[in-house]
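# Notes for the structure review
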Amino acid sequence: EGKPLAPRPHWFERYLQPCLAELLGTALFIFIGCLAVLEDSGGTGRLQPALAHGLALGVTVAVLGDV
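Since the structure is predicted, the reported quantities are computational estimates derived from the model, not experimental observations.

### Details of the overall build of the protein
Secondary structure summary: the protein contains two helices and zero strands in total. Expressed as a percentage of its 67 residues, the buried residues of the protein come to 12%. Here the protein has roughly 5800 Å² of accessible surface; of this, 68% comes from carbon and sulfur atoms.

Following this line, the structure appears as structure tokens:
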């Protein structure tokens, strides 16, 4: 009569996987951003760190988007 209920996700998928994804994404975001600021070439100003953070965020979303 009714649709069968979907099984509950395992504790790893429910709690640990999102935390690990958040940790990896934040670490990548901060690491790439700090490296962009350290390598300051004369005329880029705020553009280089902004592009580096945007690229890091885009890569993180592309890789970890299914989590």
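### Side note on a nonpolar patch on the surface
Where nonpolar side chains cluster on the molecular surface, the patch consists of Trp11, Phe12, Tyr15, Leu16, Leu20 and Leu23 and spans about 640 Å² of accessible area. Tracing the backbone through its elements, the reader meets Trp11 in helix 1 (residues 11-38).

### Comments concerning the UniProt feature "transmembrane region" (unreviewed entry) in the protein
As recorded in UniProt, the feature "transmembrane region" (unreviewed entry) lies at residues 15-38. Within the segment residues 15-38, helix and strand shares are 100% and 0% respectively, and the terminal C-alpha atoms sit 35 Å apart.

### Examining helix 2 (residues 47-64)
When the terminal C-alpha atoms of helix 2 are compared, their 25 Å separation across 18 residues agrees well with the 26 Å that a helix rising 1.5 Å per residue should span. All buried positions along helix 2 are accounted for by Pro49, Ala52, Ala56 and Thr60. Looking down the long axis of helix 2, one finds its buried residues gathered within 70° of arc, a one-sided arrangement. For helix 2, the exposed residues set more than 90 degrees away from the buried face come down to Leu47, Leu51, Leu55, Val61 and Ala62. On the buried face of helix 2, the contacting elements are helix 1.

### Some thoughts on the packing of helix 1 against helix 2
Here helix 1 crosses helix 2 at 160°, and the two axes come no closer than 8 Å. It follows that helix 1 is roughly antiparallel to helix 2 by the angle criterion. As for how helix 1 packs across helix 2, the hand of that crossing is right-handed. In contact with Ala21, Leu24, Gly25, Leu28, Phe29, Ile32, Gly33, Ala36 and Val37 of helix 1, helix 2 contributes Gln48, Pro49, Ala52, His53, Ala56, Leu57, Val59, Thr60 and Leu64.

Parameters at a glance
The numbering scheme is per chain: residues are counted from 1 as the chain's sequence reads. Reporting of local features is limited, given that this is a predicted model, to residues whose pLDDT is at least 70; pairs of side-chain atoms are given and counted only at 80 or more, and all residues count toward the totals for whole chains, interfaces and linings. Side-chain metrics rest on all non-hydrogen atoms present in the structure, leaving aside hydrogens and water. Numbering goes from the N terminus for both helices and strands, where a helix is a DSSP run of H or I of at least four residues and a strand is a run of E of at least two. When a residue's accessible area, from a 1.4 Å probe over protein chains only, is under 20% of the maximum for its type it is buried; when over 50% it is exposed; and in between it is partly exposed. Here the open area of atoms and residues is found with the Shrake-Rupley method and a 1.4 Å probe, where only the protein chains shown may cover a residue. Distance thresholds for patches are 9 Å for like charges and 5 Å for nonpolar side chains (Val, Leu, Ile, Met, Phe, Trp, Tyr), applied to residues having over 30% relative accessible area and no salt bridge. In what follows, salt bridge is the name for a side-chain nitrogen of Lys or Arg lying within 4 Å of a carboxyl oxygen of Asp or Glu. UniProt positions are given in the numbering used here, feature names are shortened, and annotations may be inferred rather than shown by experiment. Expected helix span is computed as 1.5 Å times (number of residues minus one). Our arc is simply the arc of the directions from the helix axis toward the C-beta atoms. We call two residues in contact whenever any of their non-hydrogen atoms come within 4.5 Å of each other. Each axis is a line fitted through C-alpha atoms, taken for helices only over the stretch in contact, and angles between the N-to-C directions span 0 to 180 degrees. Roughly parallel means an angle under 35 degrees; roughly antiparallel means over 145; roughly perpendicular covers 65 to 115; every other angle is labelled oblique. Handedness of each helix crossing follows the sense of rotation of the near helix against the far helix: counterclockwise by less than a right angle gives left-handed, clockwise gives right-handed.

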